[in-house]
Each structure stands twice: as structure tokens, then as C-alpha cells.
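Inside the fold
One letter stands for each residue in the lines below.
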Amino acid sequence: GGRQDAIEMPMPKLTPQMESAVLSKWLIKEGDEVSAGDLVCELEVEGLNPELPHATMLIETHEAGFVARLLEAEGSRVAADRGILVLCDDEASKDQFAGYERKDGPSPNSGSGDSGARVFCWQAYVKGPPVPGMG
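Residue indices begin from 1 for each chain and proceed along its sequence in written order. The predicted origin of the model limits local features to residues at a pLDDT of at least 70 and limits the giving and counting of side-chain atom pairs to 80 or more, whereas totals for whole chains, interfaces and linings rest on all residues. Note that water and hydrogens are dropped before the side-chain values are worked out from all heavy atoms of the structure.

What follows is about the environment of P10. A run of H or I in DSSP counts as a helix once it spans at least four residues, and a run of E counts as a strand once it spans at least two, with each numbered from the N terminus. The residue P10 is located in strand β1 (residues 6–10) in this model. Here P10 falls in the partly exposed class, since its relative accessible area comes to 21%. In sequence terms P10 and V78 are 68 residues apart; their C-alpha atoms lie 9.6 Å from each other. Discounting chain neighbours no more than four positions away, the residues touching P10 are D81, R82, G83, I84 and F120. Accessible area is worked out with a 1.4 Å probe on protein chains only. A residue is then buried under 20% of its type maximum, exposed over 50%, and partly exposed in between. Here, two residues are considered to be in contact whenever any of their heavy atoms come within 4.5 Å of each other.

In C-alpha cells, the structure reads:
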């Protein structure tokens, strides 16, 4: 067994200027298994760029695992880089995260010289009408 690894997904910071976004819709639920390429949530973002004053973004995970916790409710405004969900590596361990507290602020270094934190990889797409001829 040993310690189960969990990885926290931050609110994607889509531009350097983005301070927060509204988590408008979860596309997954606690207990779901996700794999790389799965869409996890929709965000409502303002002011990404001058041509796009308001946009709905689809966020895709490049991590695989089981959804241990959703840390934010739909409709919440969440600061960029704040944890929004927790993935764990195997289904049996997801119950360990029932009382999970998100890591607020920089996580304290364990003293090993390497925090060992995995970086959560994701991709963002503008949600728009389907493009004719696609799919």
C-alpha cells in the first residue's frame, strides 16, 4: 500500500492578468474515474482579451485518476491557482480524502529539499458553437 498520492488541480490561470473565474459547471463528479483528455469543468471568464470580453472555457485534464474531492461548488468565483479538485491514484484511496482540506498558500516544504508536488497539467478551450465540418 503505502501513502496514496493525490494531486490538487488549481483554478487554471488562463492569462497572466486573470485573477479569478466562475466555476460555472462541473462535468465530472466525486468518485468518477478520469483519464487524460477528459473535460472536467466549464469556467466563465471575463476579459481574457479585447476580442473576447466574456468567454465560457472548457477545461480538460491531462492527468488520470479518481476524483476524490470537488473543492468548489458550481457557481463559485474562485481565485486563480486555488485548488478546485483533488485526484487520487486509485479508487480505494479516494475515501481517505472525504475530509480533505485544500492546501492554502504555498505548501510547507517537507524538508527533503524537494516538495515532490506534481504539477497538474490541463488544457483550456473556448466553448463555442460547433464548427461546421468538424467531427
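After that view, the rundown keeps rolling.
Below, the discussion takes up the sheet that holds strand β4 (residues 39–49). For sheets, the rule is that strands pair by backbone hydrogen bonds, running either parallel or antiparallel. Overall, antiparallel pairing links the five strands, which are arranged β7-β2-β4-β5-β9 in an open sheet. What marks the edges here is a single partner per strand, and that holds for β7 (76–79) and β9 (122–126). Looking at each pair of strands side by side, their axes are set apart by 35° on average, direction ignored. Strands are treated as partners if at least two bridges between them are detected by DSSP. Where strand β2 (residues 20–26) meets β4, four bridges bridge the pair, whose relative direction is antiparallel. Pairing of L23 across the sheet is with L43, part of β4. Axis definition: a line fit to C-alpha positions, over the contact stretch in the case of helices; interaxial angles, taken between N-to-C directions, run 0 to 180 degrees.

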